[in-house]
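Spelled out from the first residue to the last, the chains are:
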Amino acid sequence: MDSLSSESKRFSCRLFLKHVFYGFITEYETQKIVTIHSYTITALLRFIQIILLLYSFGYLLIYKKGYQYQDTSIISSVTLKVKGIGYVHKGPNDSYVFDGTDYIIPPSENNAIFIMTNFIATEQSRSTCVESPAVPFAFCKKDSDCQKKPDRSDMNGRWTGRCSAASKLSGNETTNSTQRLCEIQGWCPVEDDRQKPTVIQDIPNFTIFLKNFMEFPTFNVKHKNIGENLKSCVYDPLTNPSCPIFRLSYILNEAEKNATERELMLLYGAVIRVKLDWDCNLDRNIKLCKPVYSFARLDTPFHEETFSVGFNFRFASNWKYKNSYRRSLRKAYGLRFIISVSGKAGKFDFITLTLNTGSLVGIFGLASFVCDYILLNLSKKAAVYREQVFQRFRSRPASMDQSVLQLKPRKTDVSTIFQNPSVTERELTPVYHLSGSPQRIHNLANTSLSSSVLGQRNRLLSFQANLGLTNPVN
């Protein structure tokens, strides 16, 4: 039984594949126009067509400039300049002044700039001193505790093997007199991160000048974000959107909305992204193309990060004085601005317009597809619609006479023959429609039609005799 079932499935599969292959190489499909009077389907069709028309031509072709050839390859160069005077309180009537040379480190970078807002300064020389108490394994009680200690990445020098009393480590704090620390050889005194940092005041009032030169090589167009008659100005999105000079307070407010976070950014540093986005319509004057500026914070907010917050690094100034090597070490906190430039340019192109128009026409035909699917599959009269839409036509062999067009014969149920054996010749005769001259029709009638009728009558007589019927056909 199982073998017969599997054999039947294989036969059905082969038959299906044969039918598909035969239909693929022998059947040609063409459109057939059928007019259907339905207010519902017509209203749905027009509604979808209007939506597609607005989307295709209003949004894609006009708003998105589908008639233009667009290119996003851009060559750009950015120059940054910061102006402002900062200061640090030294005493009641004393302060240190910082200008751009002091707080811009390094002086020049590619598409980036760092502004120091806070620092820890340590004056050092090459000698021996105790290790920082911030290093946990540096505490000791005797010299043997400092001998054969392994080297670690957070060390500030090399072990000397001596255990010394903790002395003054910085100008702000002193360790417990009873504490003892292992001695190191290196730059002394070691840096102490626990001391109070030096905050540069008036940083938010600094200004930064963004000078951008860019080129679209595809269209051989060059442009810049500086107007021809640029005067002293400060950027404002409403009153002065073309000015390339920004106040740092505005950039901070745009990059971070939380006031507490902004204060911590000035204290511990942060990374800010400044983006210039060009969108140029080259069908107009290039001078009308202006960049759009945006600002965002790239580092993790302080309330979400607990390890290595902000942005900082160390740098030193070295010199030699009376055979003694000295340096001024600074741990700098500040704002690092990273500049990114992107853009696109478009210009009218007939080939692009032709291709996009063809695509939009194809989208417009989606309305007919939706309505046809509803009619042929979801409507109540789907079977009737399918019968009218789909029609199979077979060409006659060349040997048959083309003047005779045979229609479907009249169907006579077999049960009718059993119930009424005296079925007449007219009921068994196929119906033919003939075209041609009267003489040709007469000849065809004598040969084809009569032979067909007599053949069917003889087969019926034989069939009745085999069934044992006593009422022969007259």
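The numbering scheme is per chain: residues are counted from 1 as the chain's sequence reads. Residue-level local features of this predicted model are given only where pLDDT is at least 70; pairs of side-chain atoms are given and counted only at 80 or more, and the full residue set underlies all totals for whole chains, interfaces and linings. The side-chain values count all of the structure's non-hydrogen atoms but skip hydrogen atoms and water molecules.

Draft legend 1. Geometry of the pairing of strand E14 (residues 312–321). Two strands pair under a simple rule: DSSP has to find at least two bridges between them. Numbering of helices and strands runs from the N terminus, with a helix taken as a DSSP run of H or I at least four residues long and a strand as a DSSP run of E at least two residues long. Direction of pairing for E14 relative to strand E15 (residues 324–348): antiparallel, over a ladder of ten bridges. The partner of serine 317 across the bridge, within E15, is serine 328. Between E14 and E15, which pair antiparallel and follow one another directly, the connecting turn spans two residues, one of which, lysine 322, has a positive phi of 50 degrees.

Draft legend 2. Broad picture of the packing of helix H2 (residues 39–63) against helix H7 (residues 366–378). For every element, the axis is a line fit to its C-alpha atoms; helices are fit only across the contacting stretch, and the angle between N-to-C directions ranges from 0 to 180 degrees. Put simply, H2 and H7 touch, their axes get as near as 8 Å, and they point 155 degrees apart. In terms of orientation, H2 lies roughly antiparallel with respect to H7. Classified by chirality, the crossing of H7 by H2 is right-handed. Counting all contacts with H2, which are made through Ile41, Leu44, Leu45, Ile48, Gln49 and Leu52, the residues of H7 involved are Leu366, Ala367, Ser368, Val370, Cys371, Ile374 and Leu375. Note on residue classes: Ala, Val, Leu, Ile, Met, Phe, Trp, Tyr, Cys and Pro are nonpolar, Asp, Glu, Lys and Arg are charged, and everything else, Gly too, is polar. Considered class by class, the residues forming the contact of H2 with H7 number eleven nonpolar, two polar and no charged. Note on terminology: angles under 35 degrees are roughly parallel, angles over 145 are roughly antiparallel, angles of 65 to 115 are roughly perpendicular, and the others are oblique. Handedness of a crossing is defined here by the sense of rotation of the near helix relative to the far one, left-handed for an anticlockwise turn of less than a right angle and right-handed for a clockwise turn. The contact rule is simple, with two residues in contact once any of their heavy atoms fall within 4.5 Å.

Draft legend 3. Spatial organisation of the UniProt feature "transmembrane region" (unreviewed entry) in the chain. Here the UniProt feature "transmembrane region" (unreviewed entry) sits at residues 43–62. As annotated, residues 43–62 comprises 100% helix and 0% strand, and the C-alpha atoms at either end are separated by 27 Å. UniProt positions are given in the numbering used here, feature names are shortened, and annotations may be inferred rather than shown by experiment.

Draft legend 4. Spotlight on a nonpolar patch on the surface. Each patch is built from residues lacking any salt bridge and having more than 30% relative accessible area; the joining distance is 9 Å for like charges and 5 Å for nonpolar side chains (Val, Leu, Ile, Met, Phe, Trp, Tyr). The protein chains shown are the only cover counted for residues, whose accessible areas, like all others here, come from Shrake-Rupley with a 1.4 Å probe. Salt bridge, as used here, is a side-chain nitrogen of Lys or Arg placed within 4 Å of a carboxyl oxygen of Asp or Glu. A surface patch of nonpolar side chains, amounting to about 480 Å² of accessible area, comprises Phe348, Phe350, Ile351 and Leu355. Looking at the nonpolar patch element by element, the count peaks at three residues for helix H6 (residues 350–364).

Draft legend 5. Inspection of the side chain of asparagine 281 at higher detail. Mapped onto the fold, asparagine 281 is located in strand E12 (residues 270–281). Polar contacts, as counted here, are pairs of nitrogen or oxygen atoms within 3.5 Å of one another; within protein the pair requires one atom able to donate a hydrogen and one able to accept it, and residues that are adjacent in sequence qualify only if both atoms are side-chain atoms. A polar contact is formed between the side chain of asparagine 281 and the side chain of glutamine 68, at a distance of 2.6 Å. Setting aside its immediate chain neighbours within four residues, asparagine 281 contacts Lys65, Gln68 and Gly346.

Draft legend 6. Local environment of the packing of aromatic side chains. Aromatic rings from Phe, Tyr and Trp, taking only the six-membered ring of Trp, are treated as a pair when their centres fall within 6.5 Å; an angle between ring planes under 30 degrees marks them as stacked, one over 60 as edge-to-face, and anything in between as tilted. Inspection of every chain in the model, using the stated rule, returns 19 aromatic pairs. Seen from their ring centres, tyrosine 55 and tyrosine 59 are 5.8 Å apart, and the 20 degrees between their planes marks the pair as stacked. With a gap of four residues between them, tyrosine 55 and tyrosine 59 both fall in helix H2, about one helical turn apart. Three labels apply to residues, based on accessible area from a 1.4 Å probe with only protein chains included: buried if under 20% of the type maximum, exposed if over 50%, partly exposed otherwise in between. Judged by relative accessible area, which is 35%, tyrosine 59 ranks as partly exposed. Considering the side-chain rings of tyrosine 268 and tyrosine 333, the 6.3 Å spacing of their centres and the 80 degrees angle between planes classify their relative orientation as edge-to-face. With tyrosine 268 in helix H5 (residues 259–268) and tyrosine 333 in strand E15, this residue pair connects regions lying 65 residues apart in the sequence. In this structure an aromatic cluster arises from ring pairing among Tyr235, Phe246, Tyr250, Tyr293 and Phe295. Here arginine 126 stacks its cationic end above the ring of tyrosine 325, 5.0 Å away from the centre of that ring. Placement of a charge over a ring requires the Lys NZ or Arg CZ to be within 6 Å of the ring centre, with the centre-to-atom vector within 35 degrees of the ring normal. Seen from the ring of phenylalanine 119, arginine 330 lies directly overhead, with NZ or CZ sitting 4.7 Å from the centre.

Draft legend 7. Molecular detail of the pattern of salt bridges. Under the counting rule described, the total for this entry stands at eight salt bridges. Residue arginine 152 is joined to aspartate 154 by a salt bridge in which the shortest nitrogen-to-oxygen separation is 3.5 Å. We classify arginine 152 as partly exposed; its relative accessible area is 44%. Residue aspartate 154 is classed as partly exposed on the basis of its relative accessible area, which comes to 34%. Through salt bridges with shared partners, a single network forms among Glu256, Glu261, Arg297 and Asp299.

Draft legend 8. Local environment of unusual backbone geometry. For the bond from isoleucine 105 to proline 106, the omega torsion is -15 degrees, close enough to zero to count as cis. Tracing the backbone through its elements, the reader meets proline 106 in the loop between helix H3 (100–103) and strand E5 (112–130). A cis amide bond links cysteine 188 with the next residue in sequence, proline 189, at an omega value of -5 degrees. Residue position: proline 189 is located in the loop between strand E7 (180–188) and strand E8 (198–199). Despite not being glycine, aspartate 202 shows a phi value in the positive range, around 70 degrees. With respect to the secondary-structure elements, aspartate 202 resides in the loop between E8 and strand E9 (207–216). Accessibility expressed as a relative area gives 32% for aspartate 202, which makes it partly exposed. Even without being a glycine, lysine 322 presents a positive backbone phi close to 50 degrees. As for its position among the elements, lysine 322 is in the loop between E14 and E15.

Draft legend 9. Layout of the state of the cysteines. When two cysteine sulfur atoms are found within 2.5 Å, that pair is recorded as a disulfide. Overall, the coordinates contain five disulfides when judged by the stated rule. The partner cysteine of cysteine 146 in its disulfide is cysteine 182, sulfur to sulfur 2.0 Å. Where cysteine 146 bonds to cysteine 182 through sulfur, the torsion about that S-S bond is close to -90 degrees, and the disulfide is left-handed. Here the residue cysteine 146 occupies a position in the loop between E5 and strand E6 (157–165), and cysteine 182 occupies one in strand E7, the gap between them amounting to 36 residues. Judged by relative accessible area, cysteine 146 falls into the buried class, the value being 2%. The disulfide partner of cysteine 233 is cysteine 243, and the S-S distance across this bridge is 2.0 Å. Here cysteine 233 and cysteine 243 share a disulfide; its torsion about the S-S bond, 90 degrees, makes the bridge right-handed. Residue cysteine 233 is located in the loop between strand E10 (221–224) and strand E11 (245–247), and its partner cysteine 243 is located in the loop between E10 and E11; the two are separated by ten residues in the primary sequence. Using a relative accessible area of 15% as the deciding quantity, one classes cysteine 233 as buried. Take cysteine 243: its relative accessible area is 1%, and that puts it in the buried class. In the chain, numbering the disulfide-bonded cysteines from first to last in sequence yields the connectivity 1-6, 2-4, 3-5, 7-8, 9-10.

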